[in-house]
Every structure is written in C-alpha cells, then in structure tokens.
Amino acid sequence: MTRRHRGLDTPTGPLRVTEEDGTIVQVTWTAKRASGADDASALLDAAAAQIEAYFAGALRVFDLPLKPSGSVFQRAVWEEMLRIPYGETRSYGDLAAATGGVARAVGGACGANPIPILIPCHRVLAADRALGGFSGGRGGETKAELLTLEGAWPIQHSLLFS
C-alpha cells in the first residue's frame, strides 16, 4: 500500500489530496499548505488540475478514481451524492429515501465523507434549505462558498453568519 499526498491552495483554504494505490482516498483542509511535501504522481497531478479547474468555474464533473473508506451505508450515501449534479442540491431526507436510511444517518455519512468536493457532500441541505453541517474547512462558511461557486446558494454569506 503506497500513500502519496499533494497539497494545493484553493479559495476555501489549503487542501491535501491523498492517493493510495492508484485511487483518491482523502481530501482534507489543512491549516496551511506544506511546502515541499508533495509526492510525484500522475493521479495527484490530475486531481490538482481538476480541483483547480473546478474552483476556476471550468469543471463541473470530476473524472478521478475514488475509493472512500466507510460502512456499506456510508458508501451508499456517497454514491447518491455523486449523482447530485453541479449547481443542484438535495435534502438529507432525499438521500435517506434513496438509500433506505433516515435523514440523521445521512447527516452522519455526510460528516464522515473522506473525499469532500469530489464527493459533493456540500450539495446536501436540510429540508428547509438550511445549510446543515459541514465538517470541512470553516464548516458552514466553506459549504456556502462551494454552493455559491456552483450557483446553488443565492443568499449572501453576510446574512448567513451574522
């Protein structure tokens, strides 16, 4: 098992992408980008290029091999998240109905997503379109930024966090 890492700066903060045996297994926000700590890998180069294109508004669908580690239910929820188109949202209840679970369990699976952005847990909202939780970056602020980037969240941030 070979793990490689690549850091990159994004508008939502520094990210670290982790590859393991030819698949992306993790994307995490970090306090700062570690200089000189990048591993060489064609897959990590492709992941970085696609993430940068996403933030530039030039990419709507990622084309990378993903292998998130989680329970059978969590993986089912993540598969449903991958079906949510760019610029659209679904509720926790929608995903619960699609997976045979309950909204609270879907929320737990969202929070356990090891590959945010690529598996778009930010596209899952409460039934009343409230943000709900987000475990990456700066929490709800980062979730709102990602949704705003995609045109799925029209409310200004100052109204959300005042």
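Look above for the structure.
Below: a short report on this structure.

About the cut-offs
Residues numbered from 1 in each chain as written. Predicted model: local features only at pLDDT ≥ 70, side-chain atom pairs only at ≥ 80, totals over all residues. Heavy atoms only, no water. Pairing = 2+ DSSP bridges. Helix = DSSP H or I, 4+ residues; strand = E, 2+ residues; numbered from the N terminus. Axes fitted to C-alpha atoms, helices over the stretch in contact; angles between N-to-C directions. Parallel < 35°, antiparallel > 145°, perpendicular 65-115°, else oblique. Contact = heavy atoms within 4.5 Å. Nonpolar A, V, L, I, M, F, W, Y, C, P; charged D, E, K, R; others polar. Salt bridge = Lys/Arg side-chain N within 4 Å of Asp/Glu carboxyl O. Buried < 20%, exposed > 50% of the residue type's maximum accessible area, 1.4 Å probe, protein only.

1. Some thoughts on the pairing of strand 1 (residues 3–8)
Here strand 1 pairs with strand 2 (residues 15–20) via 6 bridges, running antiparallel. For H5, the partnering residue across the bridge sits in strand 2 and is T18.

2. Quick notes on the packing of helix 3 (residues 92–99) against helix 4 (residues 103–111)
Contact geometry for helix 3 and helix 4: axes closest at 8 Å, N-to-C directions at 100°. Between helix 3 and helix 4, the crossing angle belongs to the class labelled roughly perpendicular. Along the contact surface, helix 3 presents Y92, G93, L95, A96 and T99, while helix 4 presents A103, V106, G107 and C110. Here the residues of the contact of helix 3 with helix 4 sort into 6 nonpolar, 3 polar and no charged.

3. Focus: the pattern of salt bridges
All chains considered together, the criterion is met by 7 salt bridges. A salt bridge links E141 to R138; the nearest nitrogen and oxygen atoms lie 3.6 Å apart. Classification of E141 as partly exposed rests on a relative accessible area of 31%. Among the ionic pairs, R138 bridges to E145, the shortest N-O distance being 2.5 Å. The exposure class of R138 is partly exposed, given its relative accessible area of 40%. A single network of salt bridges, built from pairs that share partners, joins R138, E141 and E145.

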